[in-house]
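# Coordinate inspection notes
Given next are the chains, with one letter for each unit.
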Amino acid sequence: MPLRILLLPLLLPAAVVLVLLAMLGELGNALAAAAVTLAGSAIALAVSRESVQRQLHSLALKTRGRANGLAAPSAEPDALDEVITLEGAIDSLHARLSAQNAQLTQEARTLTAVLDGMIEGIWVTDAEGTVVRHNDALREMLRPGSGGIAGQRPLALIRNESLHEAVMRACREGASSRLELTLEGLFPRTLAIRVTPLGRDLPGSAAVFHDVTELRRLEKVRKDFVANVSHELRTPITAIRGYAETLQSGALQEPQVAPKMVEIIHRQSERLSELVEDLLELSRLESREVQLKFAPVPLAVAASRAAETVKPKAGGKDIHLELHVPTGLTARGDERAIEQVLLNLLDNAVKYTPAGGRVDVFGVLEDGRCVVRVKDTGVGIEPKHLSRIFERFYRVDKGRSRDMGGTGLGLSIVKHLLGAMGGEVKVESQPNVGSVFAIFLPVAPPEASSR
């Protein structure tokens, strides 16, 4: 406290007493009275100063306690009105700041919940391009390991110069960018990224990551499917058109040539019809439009019906076809679907088994599932093809498969039908020895199979 402020209340009362007594002619007693008054003023000032200091110290402790979240002590009963007014102002300011802080905390929690609930990955960088915030989806996409994402530069997280330059342009020039990149590794991912400046005079940038891996895969499947379908349709259509034009040009009048051409046209039209039917069937299966009716299915009966269909073809090639399926083996599934699965497998076995070969069908109960194996002594399949033979239009020997009239969709239909019934299909094969296709189906409940 400045000295003049301290001396003014101390000396003023003594000076007043001295002047009054001097005016009354009591100059001798004036000095003594002034001295007494000065002493009293000093004592009163000391007591008052100590009380004010104590109250201010108490107010300071209370304010610090509020700032640290502690309960405030009760006010002193002899507190000065000015101190009480100051304490009220501080309490009002504390309440307002507490309300604002609670609102900001709630907004921050809401923002974090929204960001973490998004399937898109998001990061926010500062003006230097360093990541300061991100959501859970981005961590799942990038899988940064123990280093984390916050505090890292884009180039340290994703080794891609284009992304790094896009972030720098957004931070320094306020420019937005779009790019797509592929992350290599055990689980490759394709990411579509949009980088934008934060805006509103906020330094830094934001990037939104969309995982388009499955979308790009489906686009490739669609393109391959269209290309394969076009190729498969072109072959029979070209044959039909060519022989029809030849007949129109005069060959229809030649008895030795015309019947053969008509037979070829008929055979190619059947092949075209089979391809269209298989495409429609596969489309219905993939779109889950096929309504399967689950019931107990005796596998011996289903295998017998499928074998009856292929017996003429097997007899024409002198192939011995034999069934070894016990009559009590009953699976839970759709009867028509199971017969179609067995028919496709038997048809392939007969088709790729040389004349004089053998095809056997074995049924057994293994590990709580019904298992049917179709074994042939055919040409077999090389190991490099085994993982892809259930893909649409995939052919081990494209030329030979087309010559034998296959559509390239049979095994794909088998896989989809079994998957819809909770089953699966596996294959074992050796070139020039033969193949074994095994289907696995759930066992029908005992009470259902007994009815």
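Above this note sits the structure.
All values reported here derive from a predicted model rather than from experimental measurement.

### A few points about the nonpolar core
Leu 299, Leu 346 and Ile 439 are the most contacted members of the largest nonpolar core, which has 49 residues in total. Counting residues per element, the ones that place at least two in this core are α8 (258-286), α9 (299-316), α10 (335-351), β9 (358-366), β10 (369-376), α13 (410-420), β11 (424-430) and β12 (434-442). Beyond its immediate chain neighbours, meaning those up to four positions away, Leu 299 contacts Val 325, Leu 329, Ala 331, Ile 338, Cys 370, Val 372 and Leu 441. Listed in part, the 22 residues of the second largest apolar core include Leu 138, Ile 158, Met 168 and Ala 207.

### Examining the packing of aromatic side chains
Applying the stated criterion across every chain, the model contains 2 aromatic pairs. Judged by centre distance (4.9 Å) and plane angle (70°), the rings of Trp 123 and Phe 209 are edge-to-face. Residue Trp 123 is found in strand β1 (residues 121-125), and its partner Phe 209 is found in strand β5 (residues 202-211); the two are separated by 86 residues along the sequence. Under the relative-accessibility criterion, Trp 123 is labelled buried at 0%. Of the residues examined, Phe 209 reaches a relative accessible area of 0% and is grouped as buried. When the ring of Phe 390 is compared with that of Phe 437, the centres are 6.4 Å apart and the planes differ by 80°; the resulting orientation is edge-to-face. Within this pair, whereas Phe 390 is found in the loop between α11 (383-386) and α12 (398-403), its partner Phe 437 is found in strand β12, the two being separated by 47 residues in sequence. Under the relative-accessibility criterion, Phe 390 is labelled buried at 14%. Judged by relative accessible area, which is 9%, Phe 437 ranks as buried.

### Details of the sheet that holds β10
Read from one edge of the open sheet, 5 strands run β7-β9-β10-β12-β11, paired in mixed fashion. Each of the sheet's edge strands pairs with one partner strand only, and the pair in question is β7 (320-324) and β11. Sheet twist, expressed as the average angle between the axes of neighbouring strands with direction ignored, equals 15°. Taken strand by strand, α9 contacts β7, β9, β10 and β12, and its axis lies near 170° from that of β7.

### Some points on α10
Taking 1.5 Å per residue, 17 residues should reach 24 Å; α10 reaches 24 Å between its end C-alpha atoms and fits that length. Within α10, 13 of the 17 residues are buried, which leaves the element mostly enclosed by the surrounding structure. Backbone nitrogen of Arg 336 and a side-chain oxygen of the N-cap are separated by 3.2 Å at the start of α10; the cap is Asp 334.

Criteria and cut-off values
- Residues numbered from 1 in each chain as written.
- Predicted model: local features only at pLDDT ≥ 70, side-chain atom pairs only at ≥ 80, totals over all residues.
- Heavy atoms only, no water.
- Core = buried A, V, L, I, M, F, W, Y, C linked by side-chain atoms within 4.5 Å.
- Buried < 20%, exposed > 50% of the residue type's maximum accessible area, 1.4 Å probe, protein only.
- Helix = DSSP H or I, 4+ residues; strand = E, 2+ residues; numbered from the N terminus.
- Contact = heavy atoms within 4.5 Å.
- Phe/Tyr/Trp six-rings, centres within 6.5 Å; stacked < 30°, edge-to-face > 60°.
- Pairing = 2+ DSSP bridges.
- Axes fitted to C-alpha atoms, helices over the stretch in contact; angles between N-to-C directions.
- Expected span 1.5 Å × (residues − 1).
- Polar contact = N/O pair within 3.5 Å; in protein donor to acceptor, adjacent residues only side chain to side chain.

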